[in-house]
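# Chains, contacts and geometry: an overview
Here are the chains, one letter per residue:
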Amino acid sequence: MLWYDEPATDWETQALPIGNGALGAMVFGGIAVETVQFNEKTLWTGGPGSAQGYDFGNWTSPRPDAIERVRRELDARQRLDPSEVAELLGQPKRGFGAYQPFGDLTLRLPAEPDAVAEYRRELDIARAVARVSYVDGNVRHAREYFASKPDGVLVVRVSADQPGRVAFTAAVQAPDNRVKSTTVEGGRITLAGALTDNGLRFEAQILVRHEGGSRTDNPDGTVTVDGADAAVLILCAGTDYAGQHPTYRGPDPHAAVTGAVDRAAAKPYGELLARHVADHQALFDRVTLDIGQSTPTVPTDELLRAYQGGVTPADRALEALFFQYGRYLLIASSRSGSLPANLQGVWNNSTSPAWAADYHVNINLQMNYWPAETTNLSETTGPLFDYVDAIVPPGRKTARDMFGSRGWVVHNETNPYGFTGVHDWPTAFWFPEAGAWLALHYWEHYLFTMDAAFLRERAYPMMRDLAQFWLDELVVDPRDGTLVVSPSFSPEHGDFTAGASMSQQIVWSLFTNVLEAGEALGGDGGFLAEVRAALGRLDPGTHVGSWGQLREWKGDWDSPTDEHRHVSHLFALHPGNQIAPLTDPEYAAAAKVSLTARGDGGTGWSKAWKINFWSRLLDGDHAHAMLSQQLRSSTLTNLWDTHPPFQIDGNFGATAGVAEMLLQSHTGEVHVLPALPGAWPDGAVTGLRARGALTVDVRWAGGAAREIAVTAGVTAPVVLRSPLFAGPHRLVDTTTGGEAPASVDGERLTFTAHKGHRYAATAGLSLAATALRHPATD
């Protein structure tokens, strides 16, 4: 629960978010005037039809030798200033567009209350319901707000504990960068029109239902409710956007919006609420976390201000809440049938938001989905995969026209309109490795679910296409004969070079995963042999430099005083699996040197990435220190992450980082409590996911696991790592009640798990093998 004892006055730092993937809203909790600012994720300027023109970022005139010219210069000079490369390879951005606010729903009381007491504004993330309550005179007023995925609408209920005391006027406003009209009939407000920039049509409908009293349609397009016992407002919004290249237009939204409102209006409020809560909890309740927290007795803003770094039960309450809040935000901003979560999830109140609230694919979109698999929200990845699939057709044209290559490509950032080319901001326009990084999410989805159909039909074709692009694009480095990416740029940092570490590591990851995927599917003719040969010649991007660091570039140019927010050359450590302390201690030590030199500062998302880095280095205390840093200096009153400004990837990255502290499985074994911080000596977690379609529950005390339970999604060998197995222990198949045969090698326990069975390992010789229970399985 996030809760506050006063209304919000600022959208970014105080208002509370609700969402169903496609629709989002920010609840202010005003008294005399309530504002519910709402969004629909496809309302974007730019793209086809834009007044600025639109070219998908593709070169508007032929440049047959441009990339080769840059490569020749790099061979001769090794480093090029980004401005010089942007002059040769970039071009001004046209018609890229920006994510738009849809409008504000306001509820205005007939008069300002004289005196208000017992005010409370809250967001129950376990139910995905926001609520405002207060006492005016001797009447308690309440409002509930939720965004229903099952019914595709936003719902607001206004009530009082005495009959006839509900009265307000409902209105809707929208920004002026559009042609719009507002009408009302039968208590239904309709806002419709088209964006001025690109003609994208939009419509929102708000149906006001009243219980008792009266309802009046006003000539100005508002609705007044008076003397009612309660009232319910049902809102739906949509556009004529469609995710198909090249037009990106579909049917007028009127029929879909009308239908959604009509269907929701046919259900009682209690049914709408119950359907919504059940849908949300089916996802949210899969994971529980106990790190010794106590229920906070102060508002969340006071809890945040009083945070001392995890030393009190109240501190741990904030840490646990922050972890679960990231899961809540992912559910709210990424559900099937919608675009993926953007830089601000689904929430935006500006016609010119920071970075267009777009899809940056040099880390940010990827970070949004880091917690999806590990924290048991695999279904939220659907919009990501649908979106990436949809940018393949324009990406093929960019690959062919710009590079002369097979496969497809996307660069530094993109939009809903297939922008796969370039612009001309020197330090943030060139990143053709983005597609290969996105493909890692396809592969990881397979590893976590073991869904062979997904691997065969979606993941492998995607990875194969991208491997073809890189087979065509890699060049021989005259310095040592290895294959390198050229030109290559370590995101937003330094010069253009050939073979920057992140570029090499991403291609290494892609080729390695393509080989494993292809072999899992039974082979792919000579293609896998071609990939294997290229991988053998590829510079792996893991070079130790003169001061013991993992180099960011192939040349030894790193500075030990450089504290840049990006630590891109540690991709191999996270989210990649090329480096791990237990298997690659030399490179892990070099990664630690680099990470230490970069320091603990940075933007919100940068701190979140460092939680994951330190977790992968098995340093739980430093990972926890980064979590503390993020809470202290990069978290707003409503617990949103701030870059600054607000940027939601930091929330998702932090949630993923906490999961990495408690469970890792990227090296082929399930490492339990790999980076448990000293601040959490006792606790329990249920429902985390590990690769191999495993669900894992852990109970620990005194900093050590006491019970580990694993539920298998497929029948397969399982390898667990924990100090628990180095001492006396029992492994019981709780599904059958019998002991499970296993072999032990130090801290590693190996056994064959059967699909649907749950296995509990306990320390000592106790028979209490089922003490740790998970609500989804018991």
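Residues numbered from 1 in each chain as written. Predicted model: local features only at pLDDT ≥ 70, side-chain atom pairs only at ≥ 80, totals over all residues. Heavy atoms only, no water.

Our focus in this paragraph is the confidence of the model for the chain. Of the residues in the chain, 98% reach a pLDDT of 70 or more, and the chain-wide mean stands at 96. Scored below 50 in pLDDT, residues 766-778 shows 32 contacts in the model against residues more than four places distant or in partner chains. (pLDDT = per-residue confidence, 0-100. Contact = heavy atoms within 4.5 Å.)

Extensive coverage of strand 4 (residues 33-40) is indicated by the burial of seven of its eight residues. One ladder, built from five bridges, connects strand 3 (residues 23-27) with strand 4; its direction is antiparallel. Along strand 4, the bridge assignment pairs Met 26 with Gln 37. Count of turn residues in the strand 3/strand 4 antiparallel hairpin: five residues, of which Gly 29 carries a positive phi of about 75 degrees. Here strand 4 runs beside strand 5 (residues 103-108); their pairing, made up of six bridges, is antiparallel. Within strand 5, the position partnered with Val 33 by the bridge is Arg 108. (Buried < 20%, exposed > 50% of the residue type's maximum accessible area, 1.4 Å probe, protein only. Helix = DSSP H or I, 4+ residues; strand = E, 2+ residues; numbered from the N terminus. Pairing = 2+ DSSP bridges.)

Here seven strands make up an open sheet; going across it, the order is 17-26-27-28-34-30-31 and the pairing antiparallel. The strands lining the two open edges of the sheet, one partner per strand, are strand 17 (288-290) and strand 31 (738-739). Of the strands in this sheet, strand 17, strand 26 (683-690) and strand 27 (694-701) are in contact with helix 18 (residues 649-662), which crosses strand 26 at around 105 degrees. (Axes fitted to C-alpha atoms, helices over the stretch in contact; angles between N-to-C directions.)

Here we take up the packing of aromatic side chains. According to the stated counting rule, one finds 31 aromatic pairs in the structure shown. Its guanidinium or amino end placed over the ring of Phe 96, Lys 93 lies 4.1 Å from that ring's centre, counting from NZ or CZ. When the ring centre of Phe 202 is taken as reference, the NZ or CZ atom of Arg 178 above it lies at 5.5 Å. (Phe/Tyr/Trp six-rings, centres within 6.5 Å; stacked < 30°, edge-to-face > 60°. Lys NZ or Arg CZ within 6 Å of the ring centre and 35° of its normal.)

So, about the sheet that holds strand 2 (residues 16-19). Read across the sheet, seven strands follow the order 2-3-4-5-10-15-14 without closing on themselves; strand pairing throughout is antiparallel. Unpaired on one side and paired on the other, strand 2 and strand 14 (214-217) mark the two borders of the sheet. Strand-to-strand twist in this sheet, taken as the mean axis angle between neighbours without regard to direction, amounts to 20 degrees. Bridging between strand 10 (residues 166-173) and strand 15 (residues 223-228) involves four bridges; their strand directions are antiparallel. Among the inter-strand pairings, Val 166 is bridged to a residue of strand 15, identified as Ala 228. Sitting on the sheet, helix 6 (residues 313-333) touches strand 2 and strand 3, and the angle it makes with strand 2 is about 45 degrees.

Further remarks concern the environment of Arg 565. Secondary-structure assignment places Arg 565 in the loop between helix 14 (527-537) and helix 15 (585-598). Here the alpha-carbon distance between Arg 565 and Thr 603, two residues 38 residues apart in the chain, equals 6.5 Å. Within the structure, Arg 565 has its side chain in polar contact with the side chain of Glu 492 (distance 2.7 Å). (Polar contact = N/O pair within 3.5 Å; in protein donor to acceptor, adjacent residues only side chain to side chain.)

Glancing now at the nonpolar core. Ranked by size, the top nonpolar core spans 225 residues in total, and within it Phe 168, Leu 233, Leu 510, Phe 511, Leu 662 and Ile 708 carry the most contacts. Apart from the residues within four sequence positions on either side, Leu 233 is in contact with Leu 105, Leu 107, Leu 154, Val 155, Val 156, Val 158, Phe 168, Ala 170, Ile 206, Leu 207 and Val 208. Counting 16 residues, the second largest nonpolar core, distinct from the first, contains Cys 236, Ala 260, Ala 264 and Tyr 269. (Core = buried A, V, L, I, M, F, W, Y, C linked by side-chain atoms within 4.5 Å.)

Here the amide bond leading from His 245 into Pro 246 is cis, since omega sits at 10 degrees, within 30 degrees of zero. Locating Pro 246 in the fold gives a position in the loop between strand 16 (230-239) and helix 3 (254-265). Even without being a glycine, Tyr 248 presents a positive backbone phi close to 60 degrees. Owing to a relative accessible area of 1%, Tyr 248 belongs among the buried residues under this scheme. One non-glycine residue with positive phi stands out, namely Ala 693, at about 60 degrees.

This part is about helix 3. When the terminal C-alpha atoms of helix 3 are compared, their 16 Å separation across 12 residues agrees well with the 16 Å that a helix rising 1.5 Å per residue should span. Residues of helix 3 that are buried in the fold lie against strand 9 (153-160), strand 12 (188-195), strand 13 (201-211), strand 16 and helix 4 (269-284). (Expected span 1.5 Å × (residues − 1).)

On to the pairing of strand 13, then. Two faces, one strand: in a regular strand the side chains alternate between the faces of the sheet. Pairing analysis gives seven bridges linking strand 12 to strand 13, with the strands arranged antiparallel. The partner of Arg 188 across the bridge, within strand 13, is Leu 207. Counting the residues in the hairpin turn of strand 12 and strand 13 gives five residues, including Gly 199, whose phi is positive at 75 degrees.

The next subject is the packing of helix 17 (residues 620-633) against helix 18. Helix-helix packing is characterised by the crossing angle of the two axes and by the distance between the axes. Between helix 17 and helix 18, the least distance of the axes is 11 Å, while the angle of their chain directions is 155 degrees. In this view, helix 17 runs roughly antiparallel relative to helix 18, as classed from their interaxial angle. The element helix 17 and its partner helix 18 pack so that their crossing is left-handed. Touching Gly 620, Ala 623, His 624, Leu 627 and Gln 630 of helix 17 are Gly 650, Asn 651, Ala 654, Val 658 and Met 661, all from helix 18. (Parallel < 35°, antiparallel > 145°, perpendicular 65-115°, else oblique. Left-handed = near helix turned anticlockwise from the far one by under 90°.)

Before going further, it helps to examine the side chain of Thr 398. Along the chain, Thr 398 falls in helix 10 (residues 392-403). For Thr 398, a relative accessible area of 0% translates into the label buried. Setting aside its immediate chain neighbours within four residues, Thr 398 contacts Asn 58, Phe 403, Val 409, Thr 420 and Gly 421.

Following the criterion strictly, the structure yields 45 salt bridges and no others. The residue Lys 93 makes a salt bridge to Glu 413 at a minimum N-O spacing of 3.0 Å. Of this pair, Lys 93 sits in the loop between helix 2 (82-89) and strand 5 while Glu 413 sits in strand 19 (residues 413-414), and the two are 320 residues apart along the sequence. Taking the shortest distance from any N to any O, the salt bridge between Asp 524 and Arg 464 comes out at 2.6 Å. Taken together, the residues Asp 524 in the loop between helix 13 (501-520) and helix 14 and Arg 464 in helix 12 (residues 452-473) connect sequence positions 60 residues apart. Through salt bridges that share partners, Asp 477, Arg 479, Asp 480, Asp 539 and Lys 554 make up one connected network. (Salt bridge = Lys/Arg side-chain N within 4 Å of Asp/Glu carboxyl O.)

Time to look at the packing of helix 10 against helix 12. One way to put it is that helix 10 packs onto helix 12 with a least axis distance of 12 Å and a crossing angle of 10 degrees. Between helix 10 and helix 12, the interaxial angle falls into the category roughly parallel. Where helix 10 abuts helix 12, its residues Val 392, Arg 396, Ala 399 and Phe 403 lie against Met 462, Asp 465, Phe 469 and Glu 473. Per-class residue counts for the contact of helix 10 with helix 12 are five nonpolar, no polar and three charged. (Nonpolar A, V, L, I, M, F, W, Y, C, P; charged D, E, K, R; others polar.)

Attention shifts here to the side chain of Asp 562. By the element assignment, Asp 562 lies in the loop between helix 14 and helix 15. Overall, Asp 562 belongs to the buried group, its relative accessible area being 19%. Excluding anything up to four places from it in sequence, Asp 562 contacts His 493, Ala 597 and Arg 598.

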